[in-house]
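If you want the building blocks of each chain, they are given just below.
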Amino acid sequence: MRSKKSVVLAALAIGAALAMAGCGGGGASTKSESANTSGTAGVLLYNPPFRVASVTAADFAANLTAQAQVSASAHSLLQLLTASALLPVCGVDFHYIQYYTVGATGEPTNASGALMVPTGLPGVCTGKRPIVLYAHGTASTRSYNIADPTNPNNEAANENALIAAVFAAQGYIVVAPNYAGYDVSPLPYHPFLIADQQSKDMINALTAARSALGKIQAAGTVDSGKLFITGYSQGGHVAMATHRAMQTAGMTVTASAPMSGPYALAATFDAIFFGNVNIGSTEFSPLLVSSFQHAYQNLYRTTSDLVESAYATGFDSLEPGVGFPTLVQEGKLPLTALFNSTPPTGTCNDTFFLGFTPPTPATEPGITAGQAQVFAVGFGTSNLLKNSARAAAVCDALVNPDGAFPMQTTLLPPVNPQNALRMDTKMNDLRGWAPTTAPILMCGGGEDPTVFFTNTKIMQGLWQAFPTGVITVLDVDLTTANASDSPLPFVPLQTAFSGTLLALETAVGPQNAIAQYHTLVAPFCTVAAAGYFRNF
Amino acid sequence: MKTTTTIASLCTALALFTGSADASAQDSNDVRVGLYAVFYHTAADDIQGPFTPKGVTADVGNLQTVYLAYVRRLSPHFELELTAGVPPTSDTIGKGPAKLGSVPWNGQTVGTVKWLSPSVLLEYMFGEESAALRPFVGAGINFTHFYDRKVNANGQAALGGPTSISLNNSIGPAGTLGLYYRVLQHWHVVASFSAAQVESKLTTNTDGVIRRSNRVNFDPQTIVASVGYSF
C-alpha cells in the first residue's frame, strides 16, 4: 500500500497516471484467512468459520410472523411453535463450516454444513449449551446448503428454518452437515444411506464444529458436553447410525431422536420391490444406486443392467445435481413409475408377480385400499427399473427372506441374501444394534407413504425388552397410533398433527394430501424431539 | 486497446495545439486551487455471491475535497486542463435491506475508500481573449484508481467477518462547463460543473472464503470554485 505522500505526488503526476491507466485493473487487498490444508478428517478448513448471518430472538420471531403471512407451511410452523411454547428465546448466529471427511470407500474429501450458535440471554442461550447434531433429509440438488438462511430458493431453506427455530433459538448449539457430495464438497457422488460413511461424516462435522466454539464472535457460547442426535427421513437413518457409531467409539451421546428413517433398510427395500412402491422412489433410486455402486461396485457393469434404456445414460451421476423436478422435466427420470405395469415373465414365480404388479388388498392382505392406490402409482409403462432387476431381487427374497417382510419372523435382516442390491441394503440396515448407553425417541407418522412407519415398529419390536424410558416411540398420527406409540406428553402434538392433516385433506383432497404426508410429519416430529431432549 | 488508441490520439491533438500556442501574447500557464464538491450518482447492481440476499448493494457518500489543476493555454480559444482533487476518502454506505440478519445495513457506513481521480480535459473558451468573463465547455477523459479500501466493524458484522475489497481502475469520459472571470492581470476565479463516468467492479472477500461482487457506476458530478494564477 502506498503512503499518503506518494499518493499526493502521484495525483499531480497526471501524465504518469494516464499512462498507468492503460494497464487497468486494481489489485485486491490480501487480508484473507488461509485454509487448513491438513486433510485430517474432522478438521475445519477455516477456523473461525464464516458467519453467514446473525439474528436476534426478536428479529427471528418477527421473521417467522412475516413468513407466516405469505406461506401456508410457514403459517402452520408458526402455529405449531406457538402452541408448543417454542417461539424464539435466543438469537442465532449462523456459521458456514467446511471440514475434512471421507467418502464411502474411505477416500479423503471435504464437506460443508451449518454451525448455529444461540446468542442472547446468559444461562439460557449463552454459556455452556448442549449440542444438537442434526442429519438432514434426502436432497436431490447438489447446491443443498443448510447453512444458508439467506436464500429461500435453496432446497435446504425449510429445514434450515425449522432446526434454527426449534433448536438453536431454544438455546441448543446446532451442527448440521450438508453431507459429502453436496455444496462445495468435491466428492462426485453422495454416499446416500451408507451407514458407516454417513456416521463418520456426522462425527467429523461435530468434531470440526466443536473446534470453532469459543473462537467465533459468539465466543461466550460453549459446549456443555451434552450431545443430542436427531434427523429426519434419510437423516433419521443417519442419526441412528451415528448414535450407533458414537456408542461403539465410546463417545458421549446424551439421547437421540431419529425421525421417519428407513432403519430396517433391507426390509424396506424388499417391500418396495415386492410392489409396495413408496412415494419418492424414482427420486431416491439414482442416489441409492450411485451410492452403492461407488461403495461396493457390485450392482452393475453398465447402468442399463438395472435401468431401462430411456433413463440409463448418465443415470448414476444424475443426483445430487440439478434437482428431481428438473430431471423429470428433462425426461431423465420418470415422476413416479419405478416399475413396469406389465408383470415380469420367465421368472422364478410368474404367478406371484401377476398379483403384485401392483399389489392389491386381495393379493397382499396386510395393505389397505388406500395404500394399494399409492403403490399403484409406482407402476407404469415409462418405468425406471427393469423387470429383470425387480425379478432378481424378489426371487432372492422369496428364497432368503427378510425376518420382517413379508412375514414378521425374527424381525432381523435376511441371513444370506445373494442378490447384490439386497446384500448392500443389508450392509446398511440398522437392525442388530441396541442403544445401551443413551435413550432414544423414534418419531414418525403411521401412514407415511415415503418411509414406511414399519421401520420404526420393527426397531420397537426388536427393542421391546428394554426397560421403560429407554425406547420411546411416537406416531404423530392419531388415526394410526396405538397406546404404545402415544407417550403422554405428546398427545397434544398428535392432536395438532391430525388436525393439520385433516385440514390438508379437505383443502387438496386425500390423494394430494398423502403425497405431502412425509413432509407434513417433519415439523411435528422435530418439535417432539425438542420436547424429548428437554428431559436430559 | 481502445483506451490506448484514445490516449494516443489525444496526445497527438495536444501536440498540435501546443505548437500553435506560440502566437499568443497571453500567459500560457495557469494553476488553480479551490474547493471540489463531489456528488455521486451511484447506480450499482445487487451484490452477487454466496449467502447474499437479493437487493443488497452499497452507495457512496458525497464529499468535498481540495481541487488542484494545471491549465495550459493552447490557442486563443483552446485550453488543456489537467485536474485532480486531493484524494478524498469516501464513505461506503450500505443500501438495500434495513438489516442483514439483525445487523443494520441500509444507511450504515460500512467502509471507506480513497480515490485518485485525475482528468484531462480539452476546453473551448468562448468570447474574446481580452474579455474578463469567458464561459467554457470541455471534454476529456477521467481515470480513477481506488486504494486504501477498508471495511469497518459495521461492515464486517454485516458481511460475516474480516473482509477485503477490491475495485478495478476506471477510465471513462468526462465533461465540464464553467465560467472564467479574470480579476487581476494574473489572477482569476473559475466556477465549473463537471461530470464523469466512473465504472468499477467491486469484489469483496470475507474470511478468505466468501467472494462477492457487483458492478458499480459511481458517475460523480462535481462543482468547483477555484482561484487561479496565470504565468
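Residues numbered from 1 in each chain as written. Chains lettered and ligands numbered in written order. Predicted model: local features only at pLDDT ≥ 70, side-chain atom pairs only at ≥ 80, totals over all residues.

(A) Structural context of the overall build of chain B. The secondary structure content of chain B amounts to 2 helices and 17 strands. With 231 residues in all, chain B has 41% of them scored as buried. Across chain B, the fraction of contacts at a sequence separation of at least 24, relative to all contacts at a separation of at least 6, is 66%. (Helix = DSSP H or I, 4+ residues; strand = E, 2+ residues; numbered from the N terminus. Buried ≥ 20, exposed ≤ 12 C-beta atoms within 10 Å, placed from the backbone. Contact = placed C-beta atoms within 7 Å.)

(B) Seen up close, the overall build of chain A. Scanning chain A from N- to C-terminus turns up 19 helices and 11 strands. For chain A, whose C-alpha radius of gyration is 25 Å, the value lies close to the compact-globule estimate of 24 Å for 536 residues. Expressed along its principal axes, the backbone C-alpha trace of chain A runs to roughly 95 × 55 × 50 Å. In chain A, of all internal contacts separated by at least 6 residues, the share reaching a separation of at least 24 is 73%. (Rg over C-alpha atoms; globule rule 2.2 N^0.38 Å.)

(C) Seen up close, the nonpolar core. All names here are of chain A. With 201 residues, the main nonpolar core has Val-174, Val-175 and Ala-528 as its most contacted residues. Residue assignment places this core across two domains, with domain 1 (50–263 + 430–533) and domain 2 (265–427) each supplying three or more. Filtering out sequence-adjacent residues up to four positions away, Val-175 remains in contact with Gly-113, Leu-115, Ile-131, Leu-133, Tyr-134, Ala-205, Leu-206 and Ala-209. (Core = buried A, V, L, I, M, F, W, Y, C linked by C-beta atoms within 7 Å. Domains from an automatic or database assignment.)

(D) Spotlight on the confidence of the model for chain B. Residues and elements named next belong to chain B. Looking at chain B as a whole, its pLDDT mean stands at 88, while 89% of the residues score no less than 70. In this model residues 1–24 is a low-confidence stretch, pLDDT under 50, and it forms 22 contacts with partners more than four residues away in sequence or in other chains. In the predicted complex, the global pTM is 0.89; the interface-specific ipTM is 0.80. (pLDDT = per-residue confidence, 0-100.)

(E) Summary view of the sheet that holds strand β2 (residues 43–44) of chain B. All names here are of chain B. With respect to topology, 4 strands assemble into an open sheet ordered β2-β16-β15-β12, the strand pairing being antiparallel. Where the open sheet ends on each side, the last strands, each with one partner, are β2 and β12 (163–167). Across 5 bridges, the pairing between β12 and strand β15 (residues 199–206) is antiparallel. The residue of β15 that forms the bridge with Ile-165 is Thr-204. (Pairing = 2+ DSSP bridges.)

(F) Structural context of the sheet that holds strand β5 (residues 173–177) of chain A. All names here are of chain A. Overall, mixed pairing links the 9 strands, which are arranged β1-β2-β3-β5-β4-β6-β7-β10-β11 in an open sheet. At either margin of the open sheet sits one strand with a lone partner, and together these are β1 (50–55) and β11 (471–475). Across the sheet, the mean angle from the axis of one strand to that of its neighbour is 20°, orientation sign disregarded. Alignment of strand β2 (residues 91–102) against strand β3 (residues 108–119), held across 12 bridges, turns out to be antiparallel. When the sheet's bridge partners are listed, Phe-94 is paired in β3 with Met-116. (Axes fitted to C-alpha atoms, helices over the stretch in contact; angles between N-to-C directions.)

(G) View of the confidence of the model for chain A. With 94% of its residues at a pLDDT of 70 or more, chain A shows a mean pLDDT of 93. Segment residues 1–32 of chain A: pLDDT under 50, and 52 contacts once partners within four positions in sequence are set aside and those in other chains are kept.

(H) Expanded view of the environment of B:Thr203. By the element assignment, B:Thr203 lies in strand β15. As for B:Thr203 and B:Ile165, which are separated by 38 residues in sequence, their C-alpha atoms are 5.6 Å apart.

(I) Here's a closer look at the environment of B:Pro50. Residue placement: B:Pro50 occurs in the loop between β2 and β3 (57–60). It is 37 Å that separates the C-alpha atoms of B:Pro50 and B:Val86, two residues lying 36 residues apart in sequence.

(J) Local environment of the domain arrangement of chain A. Residue and element names in this part refer to chain A. When the domains of chain A are assigned, the result is domain 1 (50–263 + 430–533) and domain 2 (265–427). For domain 1 and domain 2, the distance between their C-alpha centroids amounts to 28 Å. Of all elements in the fold, only α16 (454–462) and α18 (510–515) reach the threshold of two or more residues within the side of domain 1 that touches domain 2. Top element by residues in the side of domain 1 that touches domain 2 is α16. It accounts for 4 residues. Residue classes in the side of domain 1 that touches domain 2 are distributed as 16 nonpolar, 10 polar and 3 charged. (Nonpolar A, V, L, I, M, F, W, Y, C, P; charged D, E, K, R; others polar.)

(K) Spatial organisation of unusual backbone geometry. With an omega of -5°, the peptide bond running from A:Glu319 to A:Pro320 counts as cis. In this fold, A:Pro320 is placed in the loop between α10 (309–312) and α11 (324–329).

(L) Representation of the pairing of strand β7 (residues 255–259) of chain A in the model. All names here are of chain A. For β7, the tally of buried residues reaches 5 of 5 residues, placing the bulk of the element in the interior. Burial along β7 is two-sided: Ala-255, Ala-257 and Met-259 facing one way and Ser-256 and Pro-258 facing the other are all buried. With 5 bridges connecting them, strand β6 (residues 221–232) and β7 associate as parallel partners. Among the inter-strand pairings, Thr-230 is bridged to a residue of β7, identified as Ala-257.

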